[in-house]
Amino acid sequence: METNQRKLFDLNLSEEQEQIIFKNIKEFRGVGTTLESALGALIMGQYFGWRVLKILHNPLTYRRYEKILGLNFQDVCPETTGYSETKSVGYAITQKIGSFWAVVMGKRKVEDKGLIENQGEVEKHVTKHIADNAEEVKK
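Residues numbered from 1 in each chain as written. Predicted model: local features only at pLDDT ≥ 70, side-chain atom pairs only at ≥ 80, totals over all residues. Heavy atoms only, no water.

*Asks:* Would you take a moment to explain the overall build of the protein for this structure?
*Replies:* A count of helices and strands for the protein gives 9 helices and 0 strands. When its helices and strands are written in sequence order, the protein yields α-α-α-α-α-α-α-α-α. Relative to its 139 residues, the protein shows a buried fraction of 35%. A separation of at least 24 residues holds for 70% of the contacts in the protein among residues at least 6 apart in sequence. A total accessible area of about 9,100 Å² is found for the protein, and carbon and sulfur atoms account for 51% of it. (Helix = DSSP H or I, 4+ residues; strand = E, 2+ residues; numbered from the N terminus. Buried < 20%, exposed > 50% of the residue type's maximum accessible area, 1.4 Å probe, protein only. Contact = heavy atoms within 4.5 Å. Areas by Shrake-Rupley, 256 points an atom, 1.4 Å probe, with all protein chains shown as cover.)

*Asks:* Even after reading the chapter, I still don't get the packing of aromatic side chains, so can you show me in this structure?
*Replies:* Each pair of aromatic rings is reported with the distance of its centres and the angle of its planes. Throughout the structure, instances matching the rule amount to 5 aromatic pairs. With centroids separated by 5.6 Å and ring planes inclined at 40 degrees, the aromatic side chains of Phe 48 and Tyr 83 adopt a geometry described as tilted. Taken as a pair, Phe 48 in helix α2 (residues 32–48) and Tyr 83 in helix α6 (residues 82–87) lie far apart in primary sequence, 35 residues in all. Residue Phe 48 is classed as buried on the basis of its relative accessible area of 10%. Classification of Tyr 83 by relative accessible area gives partly exposed; the value is 39%. Relative to Trp 101, the ring of Trp 50 lies with its centre 6.4 Å away and its plane at 35 degrees, an arrangement referred to as tilted. Within this pair, whereas Trp 50 is found in helix α3 (residues 50–56), its partner Trp 101 is found in helix α8 (residues 100–104), the two being separated by 51 residues in sequence. Assessed through its relative accessible area of 9%, Trp 50 is described here as buried. With relative accessibility at 41%, the residue Trp 101 sits in the partly exposed group. A cation over an aromatic ring shows up here: Arg 51 above the ring of Phe 100, its NZ or CZ 4.2 Å from the ring centre. Taking the ring centre of Tyr 62 as reference, the NZ or CZ of Lys 54 above it sits at 4.0 Å. (Phe/Tyr/Trp six-rings, centres within 6.5 Å; stacked < 30°, edge-to-face > 60°. Lys NZ or Arg CZ within 6 Å of the ring centre and 35° of its normal.)

*Asks:* I tried to follow unusual backbone geometry on my own but got confused; where do I start?
*Replies:* Backbone geometry at Asp 112 places phi at a positive 65 degrees, although glycine is not the residue there. If you trace the backbone, Asp 112 turns up in the loop between α8 and α9 (119–138). A relative accessible area of 37% places Asp 112 in the partly exposed class.

*Asks:* How should I be thinking about the packing of α2 against helix α4 (residues 59–69) in this particular structure?
*Replies:* The geometry of a pair of packed helices is captured by two quantities: the angle between their axes and the separation between those axes. Contact pair α2 / α4: the axes reach a minimum separation of 9 Å and the direction vectors enclose 95 degrees. Relative to α4, the element α2 is oriented roughly perpendicular. Residue-level inspection shows Thr 34, Leu 35, Ser 37, Ala 38, Leu 39, Ala 41 and Leu 42 of α2 in contact with α4, the latter providing Arg 64, Tyr 65, Ile 68 and Leu 69. Looking at the contact of α2 with α4 residue by residue, the classes come out as 8 nonpolar, 2 polar and 1 charged. (Axes fitted to C-alpha atoms, helices over the stretch in contact; angles between N-to-C directions. Parallel < 35°, antiparallel > 145°, perpendicular 65-115°, else oblique. Nonpolar A, V, L, I, M, F, W, Y, C, P; charged D, E, K, R; others polar.)

See the structure below:
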């Protein structure tokens, strides 16, 4: 089946970055699901951007995955992509309320921030969050 899209795992990495990851995979010692999760985060970051990874993972996990891979996500993933705001509920809400870092650091609570949906559902979650926030402010 041919498409105009990139191959699924055709990641945007330099040869040097690929070699660093391969070296770290070979040398990895620990629970396999942790390595699997770090590799999955890399793929998510390539398609959704590192800002979505910051929303999905607590800071400790984010740094652990970077250490496992031997790279910083900000160096190998775009900041955002077309999917960031149209598929990520958390990122779309941070854009609407203008407080990305407040959400990432837990200063602003966003229910369901880790959901990946279609654009219509994302917009519903954003609208609900804004309405719920307005109610909280009134109280």
